[in-house]
Amino acid sequence: MNIQSAINKEVFIPRDERMLVAVEVRRRKRKRMSFLPTGAKGDYATFICVSVTNTRPHQLLITKVKRFGGASSFTRRSQWTVEQLRQVNGINPNKDSPEFDLVFDNAVDQWVASSSADKCIFVQILYHACQTYWEGKAGSLGKVGHQGRARQHAQVQPGSSDSSPGSASRTMQARRKSYVPPKQTEFINCQSKLTGDACTMNLVIYRCKAFLNRMKKLMVANQSRSAARGSTMGNVVQRMNVALGERGDRLTRAEDKTVELMHKAQQFADTAHKLALKYSK
């Protein structure tokens, strides 16, 4: 099971939501240290996820999910509705780049995705999810307005003294003026191929790029681990050779010292024997 499937199963399915996309990110600008239990060195991974509720009326949500070092589970940290998402800034409209900003009512987050392809997939899916959401919102509001006008028309009875078509029209106009439609999410500095209609092929291409990028990182990590193991084994062999060489030198010196002592002992024995013969006569 990949990370996105694990996040969807652990965080969103229990809340009756369906995750559309997730992107792993890190902050582009360092923030002040928080009091979150992130460990001594802030060892955690951050994911920005887009999900939609299964219950009607559907809600489009943006959620920040973290996985702390040493843990296999994911933790939901913050969540916003699409009405709170004011702006998505792609930073560079002329080329693929991993940087992007999310501007909410009460927060501005500056992120760097794990790769340019992952960021493009996220922006593309988020854009079309927003378009679908706002189109559905406009349709439901129009339907509600039509039903309200029908009810208002039904309440106006011919010949009644307290109601008239003019008063009904003024009431409807007052309601229209009092209603302020929510401002849709603005996408700026995003490549046109991410916010255009012909998006299926681009999405396939970016998914392939993201997959190849993950495979490349995995291969580099495996090579690094292999090199580290090889380097460690080489260091061990080198230390063993040095230790054996030092031990051999000590044994050689001990052997030379033993031979020297044996030679001196033989000389002492010969001298003692000569003296014994001399005084015996």
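One can find the structure itself at the top, above this paragraph.
Keep in mind it's a predicted model, so treat the numbers as computed, not measured.

Novice: When you look at the packing of aromatic side chains in this model, what are you seeing that I'm missing?
Specialist: Two descriptors summarise a pair of aromatic rings, namely the distance from one centre to the other and the angle between the planes of the rings. For the coordinates displayed, the defined rule picks out 6 aromatic pairs. Plain terms: the ring middles of phenylalanine 47 and phenylalanine 74 are 6.0 Å apart, the flat faces sit at 75° to each other, and that makes the pair edge-to-face. With phenylalanine 47 in strand E2 (residues 44-53) and phenylalanine 74 in the loop between strand E3 (60-68) and strand E4 (75-81), the pair connects residues that are 27 residues apart, well separated along the chain. Grouping residues by exposure puts phenylalanine 47 and phenylalanine 74 together as buried.

Novice: Help me understand the pairing of strand E7 (residues 108-113) in this model?
Specialist: As a general feature of sheets, a regular strand has side chains that alternate between the two faces. Across 3 bridges, the pairing between strand E1 (residues 17-27) and E7 is antiparallel. If you follow valine 25 over to E7, its bridge partner there is alanine 113. Pairing of strand E6 (residues 99-104) with E7, which is carried by 5 bridges, proceeds in the antiparallel orientation. Directly across from phenylalanine 100, in E7, lies its bridge partner tryptophan 111.

Novice: I tried to follow the sheet that holds E2 on my own but got confused; where do I start?
Specialist: Paired through their backbone hydrogen bonds, the strands of a sheet run either parallel or antiparallel. One open sheet accounts for 8 strands, arranged E4-E3-E2-E1-E7-E6-E5-E8; its pairing is mixed. Across the chains shown, the open sheet's two edge strands, defined by having one partner strand only, are E4 and strand E8 (186-188). Across the sheet, the mean angle separating the axes of adjacent strands is 30° when strand polarity is ignored. Note: strand E5 (residues 85-89) against E8, 3 bridges, orientation parallel. The partner of glutamine 87 across the bridge, within E8, is glutamate 186. Each of E1, E2, E3 and E4 touches helix H1 (residues 3-12); the most contacted strand, E1, lies at about 120° to it.

Novice: Just checking my understanding: could you explain the pattern of salt bridges for this structure?
Specialist: In a structure, side chains of opposite charge can pair up when their charged atoms sit close to one another. One pass over the structure, following the stated rule, counts 6 salt bridges. A salt bridge links aspartate 109 to arginine 27; the shortest N-O distance between them is 3.3 Å. Taken together, the residues aspartate 109 in strand E7 and arginine 27 in strand E1 connect sequence positions 82 residues apart. Assessed through its relative accessible area of 4%, aspartate 109 is described here as buried. Aspartate 109 serves as the salt-bridge partner of lysine 64, at 4.0 Å between the closest nitrogen and oxygen. Placement of lysine 64 in strand E3 and of aspartate 109 in strand E7 is noted, with a sequence separation of 45 residues between them. Its relative accessible area of 8% is what places lysine 64 among the buried residues. If you follow the salt bridges from partner to partner, you end up with Arg27, Lys64 and Asp109 in one network.

Novice: How should H1 be read in this particular structure?
Specialist: Because each turn of an α-helix spans 3.6 residues, side chains separated by three or four positions in sequence point in the same direction. For H1, the complete set of buried residues consists of Ala6, Ile7, Asn8, Val11 and Phe12. The elements touched by buried residues of H1 are E1, E2, E3 and E4.

Novice: Would you mind going over the environment of proline 98 with me for this structure?
Specialist: Structurally, proline 98 can be placed in the loop between E5 and E6. Note: C-alpha distance between proline 98 and aspartate 118 (20 residues apart in sequence) is 7.6 Å. Discounting chain neighbours no more than four positions away, the residues touching proline 98 are Trp111, Val112, Ala113, Ser115, Ser116 and Lys119.

Novice: Explanation requested: the nonpolar core in the structure shown.
Specialist: Most often, soluble globular proteins keep nonpolar side chains buried together rather than apart. With 31 residues, the main nonpolar core has Ile48, Leu60, Phe100, Leu102, Phe122, Leu126 and Phe187 as its most contacted residues. Looking at this core, the elements with two or more residues in it are E1, E2, E3, E5, E6, E7 and helix H2 (116-155). The biggest single contributor to this core is H2, with 11 residues. Apart from the residues lying within four places of it in its own chain, the contact partners of leucine 102 are Ile48, Leu85, Gln87, Val88, Ala107, Val108, Asp109 and Trp111.

Cut-off values and rules
- Residues numbered from 1 in each chain as written.
- Predicted model: local features only at pLDDT ≥ 70, side-chain atom pairs only at ≥ 80, totals over all residues.
- Heavy atoms only, no water.
- Phe/Tyr/Trp six-rings, centres within 6.5 Å; stacked < 30°, edge-to-face > 60°.
- Helix = DSSP H or I, 4+ residues; strand = E, 2+ residues; numbered from the N terminus.
- Buried < 20%, exposed > 50% of the residue type's maximum accessible area, 1.4 Å probe, protein only.
- Pairing = 2+ DSSP bridges.
- Axes fitted to C-alpha atoms, helices over the stretch in contact; angles between N-to-C directions.
- Contact = heavy atoms within 4.5 Å.
- Salt bridge = Lys/Arg side-chain N within 4 Å of Asp/Glu carboxyl O.
- Core = buried A, V, L, I, M, F, W, Y, C linked by side-chain atoms within 4.5 Å.

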